[in-house]
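Residues per chain, in single letters:
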Amino acid sequence: MIKAKSIYEVASAVVPLYVAMFLGFGSVRWWNILKPDQCSGVNQFVSHFSVPFLIFSLVSTSDLYAMNLKFVVADSLQKVVVLVGLFVLSRFSRFGSLDWSITLFSIFTLPNTFVVGVPLLKGMYGEFTTPLMAQIVTLQLCVWVPFSLILFEFRAAKLLIQDHDIDHHHQVLPNDDDVEDPNQSAKSEANGHVENPSAASPGLGTNPSNNAPHVSDQTDDDSKAGGNKQQMASILVMTKLTLIMAWKKLIKTPNIWASILGLIWSLVAFRFHIKLPAIVEGSITILSNTVSGMAMFSLGTCLNYFRSTN
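Residues numbered from 1 in each chain as written. Predicted model: local features only at pLDDT ≥ 70, side-chain atom pairs only at ≥ 80, totals over all residues. Heavy atoms only, no water.

As annotated in an unreviewed UniProt entry, the chain carries the name Auxin efflux carrier component and is attributed to Stylosanthes scabra. Within the UniProt record for the chain, the comment given under Sequence similarities (unreviewed entry) is "Belongs to the auxin efflux carrier (TC 2.A.69.1) family." UniProt's Subcellular location (unreviewed entry) comment on the chain is quoted here verbatim: "Membrane". (UniProt positions renumbered as here; feature names shortened; annotations may be inferred.)

Caption draft 1: Seen up close, the UniProt feature "transmembrane region" (unreviewed entry) in the chain. As annotated in UniProt, the feature "transmembrane region" (unreviewed entry) corresponds to residues 6-25, 45-65, 71-89, 101-120, 132-152, 255-274 and 286-306 in the numbering used here. Along residues 132-152, the helical share is 100% and the strand share 0%, with 28 Å between the first and last C-alpha atoms. (Helix = DSSP H or I, 4+ residues; strand = E, 2+ residues; numbered from the N terminus.)

Caption draft 2: Just the side chain of Ser298, in detail. Examined against the element boundaries, Ser298 turns out to sit in helix H12 (residues 291-309). Its relative accessible area of 3% is what places Ser298 among the buried residues. Beyond its immediate chain neighbours, meaning those up to four positions away, Ser298 contacts Val42, Asn43 and Val46. (Buried < 20%, exposed > 50% of the residue type's maximum accessible area, 1.4 Å probe, protein only. Contact = heavy atoms within 4.5 Å.)

Caption draft 3: Structural detail: the packing of aromatic side chains. Per the counting criterion, the structure on display carries 8 aromatic pairs. Ring geometry for Phe22 and Trp30: centres 5.8 Å apart, planes at 55°, overall tilted. Among the residues examined, Trp30 registers a relative accessible area of 48% and is labelled partly exposed. Taking the centre distance of 6.4 Å and the plane angle of 80° together, the rings of Phe22 and Trp31 count as edge-to-face. We classify Phe22 as partly exposed; its relative accessible area is 46%. Three or more aromatic residues joined by ring pairs make a cluster, and in this case those are Phe22, Phe25, Trp30 and Trp31. When the ring centre of Phe92 is taken as reference, the NZ or CZ atom of Arg91 above it lies at 5.5 Å. Residue placement shows Arg271 over the ring face of Phe272; its charged tip is 5.3 Å from the ring centre. (Phe/Tyr/Trp six-rings, centres within 6.5 Å; stacked < 30°, edge-to-face > 60°. Lys NZ or Arg CZ within 6 Å of the ring centre and 35° of its normal.)

Caption draft 4: View of the nonpolar core. In terms of nonpolar packing, the biggest core is built from 15 residues, with Val51, Ile55, Leu58 and Val137 touching the most fellow members. Mapped by element, the contributors of at least two residues to this core are helix H2 (36-60), helix H6 (129-172) and H12. In terms of residue count, the dominant contributor to this core is H2 (7 residues). Residues Val28, Leu34, Cys39 and Phe297 belong to the second largest nonpolar core, which totals 5 residues. (Core = buried A, V, L, I, M, F, W, Y, C linked by side-chain atoms within 4.5 Å.)

As structure tokens, this is what we get:
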């Protein structure tokens, strides 16, 4: 049976988040305190400062040498199971698609662990869950977020190549002026004034004279080889575009850098038993403490725009 004290602890951890979101919503919807450009500024502050500093704080203060392997393996296994299931659904079912697979994988396996998950787990289970959450954040940002980004860029590259092929197909189509009138062709044949006998023949597969070579088999082989080369070229181009765009997105993401720097510092600090200077640690703490309130406040402001578009 759940005790009333446990319910109160969970509520005391979650309700303040929604109070901040309500204030953000009301600031735009009812009170006209914030303008759209100001809401964008709040969102930029959260994404470029608050969240990266919280990620660095969680990862750098977690002893990665004492990771809970069962917990980490269980988290990774559930992501792999979901990924395989979505791949099978998109490959062998008419209801599945690459777009839905990427979306559902992100929803099912990449929750908002460091904004909502940290205070929620603290309220439900206590302070000992913070190191576990740091391990999840580290794996999520170092492994699964880049993997999801690669999936998004693979989709974008696939659509880009498809659009290019469609444009190329339209470009090589003959114009109306270039197509010979069949009635005129028939009249020319009847009058015996065919200027190009090969053009008047039904196709390369026919052999109107004994001296004309039969080249249909050779043409089929050449077309198959050309199709295979074109397919391989498309795959290489798609892979190159995916890697380039994913790399450009990753190096511009503050969360990735915060996770990598936190990982490096954690390995160094717990190996040689050193700590950050008090000035640096205090600066990180002040900014990281703003993430929960500011992130939910920013979410509240964004709900107005979601509501207006719908």
